[in-house]
Amino acid sequence: MVPQFTIPKVQKAAIVEKTDAPLKVVDDHPVKQPSELAPGECLVELDCSGVCHTDLHARNNDWPLPAKLPLIGGHEGVGRIVAIGEHTQGSPVKLGDRVGIKWLAYSCLDCEPCRKGLEQSCLNGKYSGFTVDGTFSQYVVSWVTHVTPIPEELGSAEAASILCAGVTVYRAIKYSKTKIGDWIVLPGAGGGLGHLAVQYAAAMGLRVVAVDTGAEKKELCMKLGAEKWIDFRETKDLVKDIVEATDGYGAHAAVVTAANPAAYAQAIDYLRMGGTLMVVGLPPRANLSADIFFTVVKSISILGSYVGNRQDAREALDIAARGKVKCYYVTKPLAALTETYEGLEKGTIVGRVVLNMKD
């Protein structure tokens, strides 16, 4: 029997009208009705949405590419499909399925990047909470080919942050050229992306050096599987400490999730010969600075890693569903989004914040 859903005309949503205006939470934002959905589109009633540093960048217009305005941000939503556009053919999902909304809302699957598995760099891509409205609302429109089924073993609030933070660090580690027993350095290890990176790295058999600051973040990182901890505010020589912690030769790889340009410049110095720097964190309007001489002489590889494709998302969720990775989060109402942004700006948030869309 096909499930039936009652879909309201209006909903609660957090809207950025202008980058220099306060965030506005409204109760009367229109809900796109089933008859208005195009073929291939679906309407998802959201249970929750994670909050990512990218949402803050979009809200502040930090990047060279501007977000659409007005904008509903958010790209870590989990909920159930309540409508699918008429004349949709071969849908991989059905009404009532619990699915996730990711940063990559849509890719054409036919341009060269898509054909080579770089769907996230699609020449015709659409991005949740950036070029199309995202998940800081009770309902969101997405595409049946790009929503991600959520494993039954995984709760919605925990799955939310895996959809972006988890996928992003999982893919970066996956392509970091490391193997079991290698050392990997994770600057920003106690943050939203970083604490998941610690777990994915440990699950993949890597030895983790966690770099961050504060007793609470140290406790979390060590509990999650880090072997070494370095507080960047307490150390007198970060590079020296990392090299000493990694058998005196330096790390095999670094996955920089910190939105701090200095974290990239330091990495070249503490990576060992043949090491890999994975560029993940996106500081606003920053350049990548690397010592060319030592990059060449040490045969360092520098690779950009941008979220993940549909397969990466399923793999990251599967690892979490099997209990290898657990997202540490606090749940807040949508009205707490502004204070959450303030915490992200100050770097005081440990783990992740998930917004409850049912409140």
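Report follows, based on the coordinates. (Residues numbered from 1 in each chain as written. Predicted model: local features only at pLDDT ≥ 70, side-chain atom pairs only at ≥ 80, totals over all residues. Heavy atoms only, no water.)

## Regarding the overall build of the chain
Point 1. Of the regular secondary structure elements, the chain holds 10 helices and 17 strands.
Point 2. At 20 Å, the chain has a C-alpha radius of gyration in line with the 21 Å of a compact globule built from 359 residues.
Point 3. Taken over the C-alpha atoms alone, the chain extends approximately 65 × 40 × 35 Å along its principal axes.
Point 4. Per-residue burial over the chain gives 54% buried out of 359 residues.
Point 5. Taking contacts inside the chain between residues at least 6 apart in sequence as the whole, the part at least 24 apart equals 70%.
Point 6. Surface summary for the chain: the accessible area is close to 16000 Å², and the carbon and sulfur share equals 52%. (Helix = DSSP H or I, 4+ residues; strand = E, 2+ residues; numbered from the N terminus. Rg over C-alpha atoms; globule rule 2.2 N^0.38 Å. Buried < 20%, exposed > 50% of the residue type's maximum accessible area, 1.4 Å probe, protein only. Contact = heavy atoms within 4.5 Å. Areas by Shrake-Rupley, 256 points an atom, 1.4 Å probe, with all protein chains shown as cover.)

## Here we look at a nonpolar patch on the surface
Point 1. A contiguous nonpolar surface patch, about 540 Å² in accessible area, is contributed by Ile292, Phe293, Phe294, Val296 and Val297.
Point 2. Relative to the elements of secondary structure, Ile292 occurs in helix 8 (residues 292-297).
Point 3. Overall, Ile292 belongs to the exposed group, its relative accessible area being 66%. (Patch = residues over 30% accessible without salt bridge, like charges linked within 9 Å, V, L, I, M, F, W, Y side chains within 5 Å. Salt bridge = Lys/Arg side-chain N within 4 Å of Asp/Glu carboxyl O.)

## Some details on the pattern of salt bridges
Point 1. Here the structure, examined in full by the defined rule, presents 19 salt bridges.
Point 2. Among the salt bridges present, the one from Lys240 reaches Glu244, with a minimum N-O distance of 2.9 Å. Placement of both Lys240 and Glu244 in helix 6 (residues 238-245) is noted, with a separation of 4 residues, approximately one turn of the helix.
Point 3. You can call Lys240 partly exposed: its relative accessible area is 44%.
Point 4. Between Lys332 and Glu339 there is a salt bridge, and its shortest N-O distance comes to 3.4 Å.

## Let's talk about the packing of helix 3 (residues 156-174) against helix 9 (residues 310-321)
Point 1. It is at 8 Å that the axes of helix 3 and helix 9 come closest, and there the two elements cross at 110 degrees. Between helix 3 and helix 9, the angle falls in the class roughly perpendicular. Here Ala159, Ile162, Leu163, Gly166, Val167, Tyr170, Arg171 and Lys174 of helix 3 lie close against helix 9, whose contacting residues are Asp312, Ala313, Glu315, Ala316, Leu317, Ile319 and Ala320. (Axes fitted to C-alpha atoms, helices over the stretch in contact; angles between N-to-C directions. Parallel < 35°, antiparallel > 145°, perpendicular 65-115°, else oblique.)

## Re the pairing of strand 16 (residues 329-333)
Point 1. Sheet topology note: the strand 16/strand 17 (residues 352-356) ladder contains 5 bridges and is parallel. Its bridge partner lying in strand 17, Thr331 is registered against Val354.
Point 2. In the classification by handedness, the crossover that spans strand 16, the intervening helix 10 (residues 337-346) and the parallel strand 17 is right-handed. (Pairing = 2+ DSSP bridges. Right-handed = clockwise from strand over helix to strand, strands pointing away.)

## A look at the packing of aromatic side chains
Ring pairs (aromatic) are described by centroid distance and by the angle formed between their planes.
Point 1. Tallying each qualifying case throughout the model produces 8 aromatic pairs.
Point 2. Ring centres of Trp63 and Phe130 lie 5.8 Å apart, and the angle between their planes is 50 degrees; on these two criteria the pair is classed as tilted. With Trp63 in the loop between helix 1 (53-60) and strand 4 (77-84) and Phe130 in the loop between strand 7 (126-127) and strand 8 (139-143), this pair connects stretches of sequence that are 67 residues apart.
Point 3. Exposure remark for Phe130: the relative accessible area of 6% places this residue in the buried category.
Point 4. Clustering of aromatic rings is evident, with ring pairs tying together Trp63, Trp103, Tyr127, Phe130 and Tyr306. (Phe/Tyr/Trp six-rings, centres within 6.5 Å; stacked < 30°, edge-to-face > 60°.)

## A few points about the side chain of Lys102
Point 1. The residue Lys102 is located in the loop between strand 5 (98-101) and strand 6 (104-106) in this model.
Point 2. Buried charged residue Lys102 carries no salt bridge. Nearest counter-charge: Glu119, at 7.2 Å.
Point 3. Sequence-distant contacts of Lys102, that is, excluding residues within four places in its chain, are made with His75, Ser128, His146, Val147, Thr148, Leu163 and Ala313. (Lys, Arg positive; Asp, Glu negative; His and termini not counted.)

## Overview of the nonpolar core
Point 1. Membership of the largest hydrophobic core comes to 44 residues, with the highest contact counts inside it found for Ile162, Ile173, Ile184, Leu186, Leu196, Tyr200 and Val255.
Point 2. Contributing elements (two or more residues each) for this core: helix 3, strand 10 (183-187), helix 4 (192-203), strand 11 (207-212), helix 5 (215-224), strand 13 (251-256) and helix 9.
Point 3. No other element matches the 11 residues that helix 3 contributes to this core.
Point 4. Once residues lying within four places of it in the same chain are set aside, the contact partners of Ile173 are Thr178, Ile184, Ala197, Tyr200, Ala201, Met204, Leu206 and Val255.
Point 5. Formed by 37 residues, the second largest nonpolar core is a distinct cluster that contains Ile15, Trp103, Tyr127 and Tyr341. (Core = buried A, V, L, I, M, F, W, Y, C linked by side-chain atoms within 4.5 Å.)

## Focus: helix 9
Given 3.6 residues to a turn, an α-helix orients residues that are three or four positions apart in the same direction.
Point 1. With 12 residues, helix 9 extends 17 Å between its outermost C-alpha atoms, agreeing within 8% with the 16 Å of an ideal straight helix rising 1.5 Å per residue.
Point 2. All of the buried residues in helix 9 are Asp312, Ala313, Ala316, Leu317, Ile319, Ala320 and Ala321.
Point 3. Contacts from the buried residues of helix 9 go to strand 9 (148-149), helix 3 and helix 4.
Point 4. Capping the start of helix 9 is the job of one residue whose side-chain oxygen sits 3.1 Å from the backbone nitrogen of Gln311: Asn309.
Point 5. Just beyond helix 9, the residue with positive phi is Gly323, at close to 85 degrees. (Expected span 1.5 Å × (residues − 1). Polar contact = N/O pair within 3.5 Å; in protein donor to acceptor, adjacent residues only side chain to side chain.)

Fair warning: the whole summary comes from geometry, so function is off the table for now.
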